[in-house]
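# Chains, contacts and geometry: an overview
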Amino acid sequence: MARITFIEHTGKRIEVDAENGDSLMKAALASGIDGLTAECGGCLSCATCHAYVDEEWVDRIPAPSDEELVMVDCAVDARPNSRLTCQVIVSDAMDGLVIHLPASQY
Ligand code: FES
């Protein structure tokens, strides 16, 4: 389990206890967090689960796959620290991870 902090674009911080093996997307949606629409349900075909990994954590979580890198380019306002949250799988090592949610997925 890892405690993840999601920061909405408004600055509102929400802490979530995420289970190992779940995606960040699933943990966020289960906690009612706004900002992820996740239209494809985690199939890596929509990019509407886009979020920004806090700069301090970019190199501390597993790197994206080539497939994720292709799809994240489709996200609105993609940046070097952009990830698709359905592709980031929670582990104990992510305890304290901070994720910034974009203002919009469209
Ligand atoms: Fe569609 Fe992540 S939910 S790519």
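Scroll up a little and you will see the structure.
Predicted, not measured: the structure shown is a model, and the values here were computed from it.

## Points about unusual backbone geometry
A positive phi angle, near 65°, is found at Ala-47, a position not held by glycine. Relative to the elements of secondary structure, Ala-47 occurs in the loop between α1 (24-30) and β3 (50-53). Phi is positive for Asp-77, close to 55°, though the residue is something other than glycine. Mapped onto the elements, Asp-77 comes out in the loop between α2 (66-72) and β4 (82-84).

## Some words on the sheet that holds strand β2 (residues 13-18)
Read across the open sheet, the 5 strands follow the order β2-β1-β5-β3-β4; overall the sheet is mixed. What marks the edges here is a single partner per strand, and that holds for β2 and β4. Taken pair by pair, the neighbouring strands of this sheet meet at an average axis angle of 35°, ignoring direction. Pairing between β3 and strand β5 (residues 98-100): 2 bridges, direction antiparallel. Counted as the bridge partner of Val-53 is Ile-99 from β5.

## Here we look at the pairing of β3
Across 3 bridges, β3 lies against β4 in antiparallel orientation. If you follow Ala-51 over to β4, its bridge partner there is Arg-83.

## Some points on the pattern of salt bridges
Throughout the structure, instances matching the rule amount to 5 salt bridges. Between Lys-26 and Asp-22 there is a salt bridge, and its shortest N-O distance comes to 3.5 Å. Salt-bridge contacts for Arg-83 lead to Glu-68; the nearest nitrogen and oxygen are separated by 2.7 Å. Here Arg-83, found in strand β4, pairs with Glu-68, found in helix α2; they are 15 residues apart in sequence, far enough to count as distant. You can call Glu-68 buried: its relative accessible area is 2%.

## Let's talk about the environment of Val-88
The residue Val-88 is located in the loop between β4 and β5 in this model. The spatial distance from the C-alpha of Val-88 to the C-alpha of Met-25 is 7.9 Å, given a sequence separation of 63 residues. Residue contacts for Val-88: discarding those within four places in its chain leaves Asp-22, Ser-23, Leu-24, Ile-61, Arg-83 and Met-94.

Basis of the calculations
Residue positions are counted from 1 within each chain, in the order its sequence is given. Confidence filtering applies because this is a predicted model: local features only for residues at pLDDT of at least 70, side-chain atom pairs given and counted only at 80 or more, and all residues used for totals across whole chains, interfaces and linings. Hydrogen atoms and water are omitted, and side-chain values are computed over all heavy atoms in the structure. Counting from the N terminus, the helices are the DSSP runs of H or I reaching at least four residues and the strands are the DSSP runs of E reaching at least two. Here a strand pair is declared whenever DSSP counts at least two bridges between the two strands. To define axes, lines are fitted to C-alpha atoms, for helices over the stretch in contact only, and angles between the resulting N-to-C directions are given on a 0 to 180 degree scale. We count a salt bridge whenever a side-chain nitrogen from Lys or Arg sits within 4 Å of a carboxyl oxygen from Asp or Glu. For every residue, the accessible area obtained with a 1.4 Å probe (protein chains only) is divided by the maximum for its type, and the residue is called buried under 20%, exposed over 50%, and partly exposed between those limits. By definition in these notes, contact holds between two residues if any of their heavy atoms fall within 4.5 Å.

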